[in-house]
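# Structural features, examined
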Amino acid sequence: MLRRTTFLSVLSIAACSLALLLAFRGTRLNAQFVPGNNDVIARPAPQTPGFDRTITTNNEQLIAQGRQVFRYDTFGDEAFWGDTLKLHQAIAGSANGGVGPGVSPKTALAVGLKVDMDALPAAVVSAIKAGQVNLDDPKTTLTLLQLNSVVGVTGRFSPTGQLTSIGIQCALCHSTVDDAFAPGIGHRLDGWPNRDLNVGAIVALSPDLSSVDSLLGVDDATTRKVLASWGPGKFDASLFMDGKAFRPDGSPAATLIPPAFGLAGVNLHTFTGWGSVTYWNAFVANLEMHGQGNFTDSRLADPVQFPVAARAGFGRVRHDPDLVTPKLAALHAYQLSIPAPTPPAGSFNSAAAARGATLFAGKAQCSSCHVPPLFTEPGWNMHAATDIGIDDFQAQRSPEKKYRTTPLKGLFAHAKGGFYHDGRYATLLDVVNHYNGFLSLGLTDQEKGDLVEYLKSL
Ligand code: HEC
Ligand code: HEC
C-alpha cells in the first residue's frame, strides 16, 4: 500500500515536471500571450514555427488593416453624403464655393464632431495655442479636413483646394477623443461612442434631403422634424428599414450610439440582436452609410415589418466594384480586438464594489443574464421585453423582436446619454431601481449603492 502511494507520487511529480516543462516551453514560444487578459497576442514570437507564425502575422495584419478601415474608409459613401446630400457644399459655405454660411470649427465642435490632434502638424497646434487660428471661419474647417483630422469625416478636394465631396467612417459615431488638447480635440479613442455627436443636426445641414424624403416617402418638413428629434449621442438605424420615427408615446424612436469595444465573445449584436458584429458592419456600411458594397438579408424583404427597406430593395444590394466586402474580415478582427477600457483609479469605491459583486451574483440575480466576465449570456443572449420589464417597441422593430443582454464592461465610458437602448434610465442607480422593483429584489439603499459601485468598476 505504502509502496503504491510512493509510486503514485513519483508518477505525479513526473507529470507535474512535464507540465511545467510544457508550460515553460509555451511561455518561451508565445511570450506575449496572457491567458484571460485579452484574445490577442501583441507581437509574434520570433521562434514560432510554421503555421503558428502565419496565424500570428495574419492577426497583426488584420488589426492594422481593420484600424485603417474603421478610421478612414468611406466605402465609397461620398456618392451619398457628397453627390446626393451635398453636405460638402453646406460645410464649405458660399464664401468657399459652397452654399449658405458654412460650418466653422466652433459649429463643428458644437454638433459633437471631434478633432484628432495627432493629425495636426506642430505648426498648426502652436498657431491654435497662440490664438492665431480663426475658429469661427469655415475656411479653417476646410483646413482641418485637408489635414484629415476630423474624426470619421473625410473631405475630397480638387487640385485647386475646393471641397468637392465628403464621406463618413465608422469612427464618426464609434470613436471620440480624450480632450487632451481642448474639449473635442485630443487623441483618438476608438470604440468609445461619441455621445456628443448630433447626427440628426449634421444630416440636416444638407441643402438637399430629397433622397431621404423619397426613401421614407414623406415631405421635407417631416424629414427635418425627425432629424431634429434625435439629439446628441443618438441615431435611428431602424428608421430607414421601417419608417417609424416616433414611439407610441410621441418620443423619438432613436437609440443611443453604443460602444464598439468589449465585443469579443458576445454572440448577437445591436440592442435588438440583428446579427453578429460582421453582419452588422456590412449592414451599416451599405444601408446606413450608403457605401458601395454588396449586402444580403432576406429578412429585409418583408414589406410588413420593413416597408421602407423592402421598397428600396435593401434585402439584396449589389455594387461593382464592391467596396465593402473585401474589408469585412479586417474590420471584424479590429472590432473584436478593442477591449473595454478600465475605469480610472478612484472613480469608484472598491470596498463597496466588492460587496456589489457579491450582490450581482447573488441576491440581485444580475449574473443570471449578465454572465461574468462577458456580462452577457454565452450563447443565445436574447430576451423578451417582459423578461426585463420594459415595453417592446424597439424589440418589435428588429427581426428577432427581442432585446440583447448588453455586455457591461466600460460603462463609465458611456454614462452620458443614459442607459438601456434609448437612454431611458439617466443613471446606474435608476437602472438598479428598475430591476429592484421589477424583480422584487428587496435591495436596501446601501445594497443599491454597492451594486452601482460594482457596475462603475467593470
Ligand atoms: C451614424 C452613426 C453610426 C455610424 C457611422 C456607425 N454606427 Fe455602428 N451603431 C450606431 C448605432 C446607433 C448603433 C445601435 C443600433 C441598434 O442597436 O439598433 C450601432 C451599433 C453598432 C454595433 C453593435 C454594438 C453592440 O453593442 O452590439 C457595432 C459593432 C457597430 N455599430 C459597428 C459599426 C461599424 C464597424 C461601423 C462602420 C462600418 C459603424 N458602426 C458605423 C451608430 C453608427
Ligand atoms: C433577464 C435578463 C437580465 C437580468 C436578470 C438583468 N439584466 Fe441587465 N440587461 C438585460 C438586457 C436584455 C438589457 C438591455 C436593455 C435595453 O437595452 O433596453 C440589459 C441592460 C442592462 C444595463 C444597461 C447597459 C447599457 O449600456 O445601457 C445595465 C447597467 C444592466 N442591465 C445591469 C443589470 C443589473 C445591475 C442587474 C441585476 C440587478 C441586471 N442587469 C439584471 C438583461 C438582464
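My aim in this report is to walk through the structure given alongside it, one point at a time. This structure is a prediction, so every number in the text was calculated from the model and none was measured.

## As for the overall build of the protein chain
Helices and strands together make up the secondary structure of the protein chain, namely 20 helices and 12 strands. When the 458 residues of the protein chain are sorted by exposure, 40% land in the buried category. For the protein chain, the proportion of contacts with a sequence separation of at least 24, taken over those separated by at least 6, is 65%.

## Examining the site of ligand 2
As a structural note, the neighbourhood of ligand 2 is formed by 24 residues, with Cys 366, Cys 369, Phe 419, His 421 and Tyr 435 the closest of them. Breaking the shell around ligand 2 down by element, the ones donating at least two residues are α17 (385-388), α19 (428-438) and α20 (445-457). If one sorts the elements of the shell around ligand 2 by residue count, α19 sits on top with 4 residues. Across the shell around ligand 2, the residue classes tally to 16 nonpolar, 7 polar and 1 charged.

## Section: the nonpolar core
Of all hydrophobic cores here, the largest spans 77 residues; its most connected members are Ile 91, Val 115, Val 150, Val 153 and Phe 283. Broken down by element, this core gets its largest block of residues, 7 residues, from helix α13 (residues 277-288). When we break this core down by domain, the ones giving at least three residues each are domain 1 (71-208) and domain 2 (209-339). In contact with Val 115, other than residues within four places in its own chain, are Leu 144, Ser 149, Val 150, Val 151, Val 177, Gly 184 and Ile 185. Counting 17 residues, the second-largest nonpolar core is a separate cluster that includes Val 432, Leu 443, Tyr 454 and Leu 458.

Cut-offs and rules
Residues numbered from 1 in each chain as written. Chains lettered and ligands numbered in written order. Predicted model: local features only at pLDDT ≥ 70, side-chain atom pairs only at ≥ 80, totals over all residues. Helix = DSSP H or I, 4+ residues; strand = E, 2+ residues; numbered from the N terminus. Buried ≥ 20, exposed ≤ 12 C-beta atoms within 10 Å, placed from the backbone. Contact = placed C-beta atoms within 7 Å. Near = placed C-beta within 6 Å. Nonpolar A, V, L, I, M, F, W, Y, C, P; charged D, E, K, R; others polar. Core = buried A, V, L, I, M, F, W, Y, C linked by C-beta atoms within 7 Å. Domains from an automatic or database assignment.

No statement about biological role is implied by the geometric values presented.
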